[in-house]
Every structure is written in C-alpha cells, then in structure tokens.
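# Reading the structure
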Amino acid sequence: MTTAAAQTPRWALFRTGPRFEYLPVALFGSVMGLTGLSVAWRLAALRYPLPGLVADLIGWAALAAFLALAAAYGMKAVTAWPTVVAEFRHPIAGNLFGTVLISLLLLPLVLVRVSPLLAQGVWILAAAGMLVFAVMIVSRWMSSRQQLAHATPAWIVPVVGLLDVPLAAPVLGLPHTQTVTLLALSVGLFFAVPLFTLVFARLVFEEPLAPAMRPTLMILVAPFVVGFSSYAATLGRIDAFAEGLFLIGLFVFVILVGLLRDLPRCCPFRVSWWAVSFPAAATAVAALRYAEHAQSGLADALALLLLAFATGLIGALALRTLTGIARGELRALSG
C-alpha cells in the first residue's frame, strides 16, 4: 500500500460522488404500467382461454422493477439529496413523486398471491402516503400563484392518483376500508374535473408541450378509466355513471393515440415515454371489466384489442429501456 493510501482514512475510501442523480422519479411509472398490465392479463385469463402464467410473470417483473428503482433512487437520495429536493419542489416534476405511491398502491395486487399480510401492510402505508401527498400538493397549489404553462398532464397525478387507492381493497380483505376508499374515490373524481379542464385549456391556448413531455398526454385518460375501475371496486357495481366514465375514457384514449402515433418517428426515445404505459394498461383493465358487465361480443373484441395494444406497447418500452441500460445509455435516456 502506498503512503498516500495508508494516510487516507478508511471511511474515505468508500466515499463516492453523486449516483443516479439523473434518474427521474417519473420512471416509477414503469412499475405502474407493468402492474396494470399484470392485472389486465389476470382478468383476461379469468374470462378467456389465456394463460394466467403471463400475469404472474409480468407481476414479478413489476416487483423487480420497483425494487431496482427504489434502490437506485435511494442511492440518488443519499448521494445527491439537493437534486431530489429540487425535483420535488419543481412545479411539474414534483407532482410525479406520486408515481412512487401509486406503484405501492398497485403492487399489493401482485403481492397478495404470495403474502396477504405483506400486501395489506404495503397498501395501508401507500394509502396513507397518497392522502398526505395529495394534501401537500393541493396546499402548494393554493398557497402561491401558479403559471398556466406549468399545468401539464403531470398535475393530474397527485390528486387523481387517489383513484388508485380503492383498486386493491376488494382482494385484501381489510376491515373498515369503505370510508377510506370512498374518500379517495370522491376526492379523485371531484378534482379530476377542474384539473382536466385546466390542463385541456393549457394545451389549447398555450405553446405545445416539449417533445420529451408529449407522452404525458396519455395521463389524461387516467381519470376516466381508473375512475371507472375505482368506482366498480368501491361500490361493487357498474351502473350508468360508471359506464359513462369508461366511454369518455375510451373517447379520450382514441384521440390521444392519434396525437401520439408519430412519436417514434419525431422524437428520440426517453424513459419519459413510460408515461403512456399505465394509461394504456388501465384502459385495457377497464375494457375487460366492462366486457364482463356488457356480455357482448363487441365488448370482448374491444377488450382483447386493447389488451394486445397495451402488451405490445409496454413490451416495446421494456425492450428499448433494457437495451439502453445494457448499452450504458441510461443517463442519456433520462435527459
């Protein structure tokens, strides 16, 4: 050992600079997309002659993705804390911290098949965290003047994300959750109306979104298709109001697919593209639930078409992301 090395304190040998400081918290949207796709395949396997093993494999991939991202972002928090604080305080990116909590609200749908107790614990913590986060963000909006240019689809995540609270509740068997799920459903649907209107006005009257943010447009589908599934999970029925939510969601989904159809040709791939994954999977889930209710061949065909679309889309995103990681391009893809 050299003299310089001998004089260096042992703890200093383990010091590192910032790690994963470029990693956006929005990448947790990939966990949401994978978990949603797992749920869609589970529903499809119950209704059609499709293998349930596919749902299990996608679910475990979602869990592995969450653990990997949690470790990487935890390292970012330890080694580059000011960057995390700046991201949280950002008027747009800060809203996407809700993707972590929504991931934890959805993962119990996978974990319940292995450990119901663990699934219950994760859901309780995530539901409490989502409520606190929604209060914090709404308080931020109301405490200072906001700029219309900042009203992007990401604004929908913190409060309308409450609609994800009821989704896993029916399979967890927890007592006394009706009030919590009804609260989440009510607040989520109530705020969906002004937030969708505000974001729609921004898109119509302000400058177009930057290319890197264009995939977030698909988030505008979530209030309707997730609202449909949340309503059915909370009240245990699909009535005319729920059917209306699904049909509006389908209308918005068709429009946004048309707007984003040229994305692969006009914009280089970024991890922000994962923003399209959960809305696509949630639309497939809603279509499968609606097909069960409608008992119509047309509804079944639509459900299978949307399942195939979501599967192909998320598969392509996963392949491109893993290829980029293998090539050492994660920093560039996170830009």
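Residues numbered from 1 in each chain as written. Predicted model: local features only at pLDDT ≥ 70, side-chain atom pairs only at ≥ 80, totals over all residues. Heavy atoms only, no water.

What follows deals with the packing of helix α10 (residues 178–205) against helix α11 (residues 222–235). It is at 10 Å that the axes of α10 and α11 come closest, and there the two elements cross at 160°. Accordingly, the angle class assigned to the pair α10 and α11 is roughly antiparallel. The handedness of the crossing between α10 and α11 is left-handed. Here Q178, T181, L182, L185, L189, A192 and F196 of α10 come into contact with α11, specifically with P223, F224, G227, S230, Y231 and T234. The residue makeup of the contact of α10 with α11, split by class, is 8 nonpolar, 5 polar and no charged. (Axes fitted to C-alpha atoms, helices over the stretch in contact; angles between N-to-C directions. Helix = DSSP H or I, 4+ residues; strand = E, 2+ residues; numbered from the N terminus. Parallel < 35°, antiparallel > 145°, perpendicular 65-115°, else oblique. Left-handed = near helix turned anticlockwise from the far one by under 90°. Contact = heavy atoms within 4.5 Å. Nonpolar A, V, L, I, M, F, W, Y, C, P; charged D, E, K, R; others polar.)

The share of residues in the protein chain with pLDDT of 70 or more is 95%, and the mean pLDDT across the chain is 91. Mean pLDDT in the protein chain bottoms out at helix α1 (residues 3–7), which sits at 46, and peaks at helix α5 (residues 98–106), which reaches 97. This model gives residues 1–6 a pLDDT under 50, and the stretch forms 1 contact once residues within four places in sequence are excluded. Of the regions scoring below 50 in pLDDT, residues 8–14 engages in 1 contact with residues more than four places distant in sequence or in other chains. (pLDDT = per-residue confidence, 0-100.)

So, about the side chain of S30. On the secondary structure map, S30 appears in helix α2 (residues 29–47). Residue classification places S30 among the buried positions, given a relative accessible area of 6%. A polar atom in the side chain of S30 sits 2.7 Å from the backbone oxygen of L27. (Buried < 20%, exposed > 50% of the residue type's maximum accessible area, 1.4 Å probe, protein only. Polar contact = N/O pair within 3.5 Å; in protein donor to acceptor, adjacent residues only side chain to side chain.)

As a further point, take the environment of A201. Here A201 shows up in helix α10. Classification of A201 as partly exposed rests on a relative accessible area of 25%. Distance in space between the C-alpha atoms of A201 and L148 is 8.8 Å, their sequence separation being 53 residues.

Here we take up a nonpolar patch on the surface. Taken together, the side chains of F200, V204 and F205 present a nonpolar region at the surface, about 360 Å² in accessible area. For V204, the location among the structural elements is in helix α10. Given a relative accessible area of 46%, V204 falls into the partly exposed group. (Patch = residues over 30% accessible without salt bridge, like charges linked within 9 Å, V, L, I, M, F, W, Y side chains within 5 Å. Areas by Shrake-Rupley, 256 points an atom, 1.4 Å probe, with all protein chains shown as cover. Salt bridge = Lys/Arg side-chain N within 4 Å of Asp/Glu carboxyl O.)

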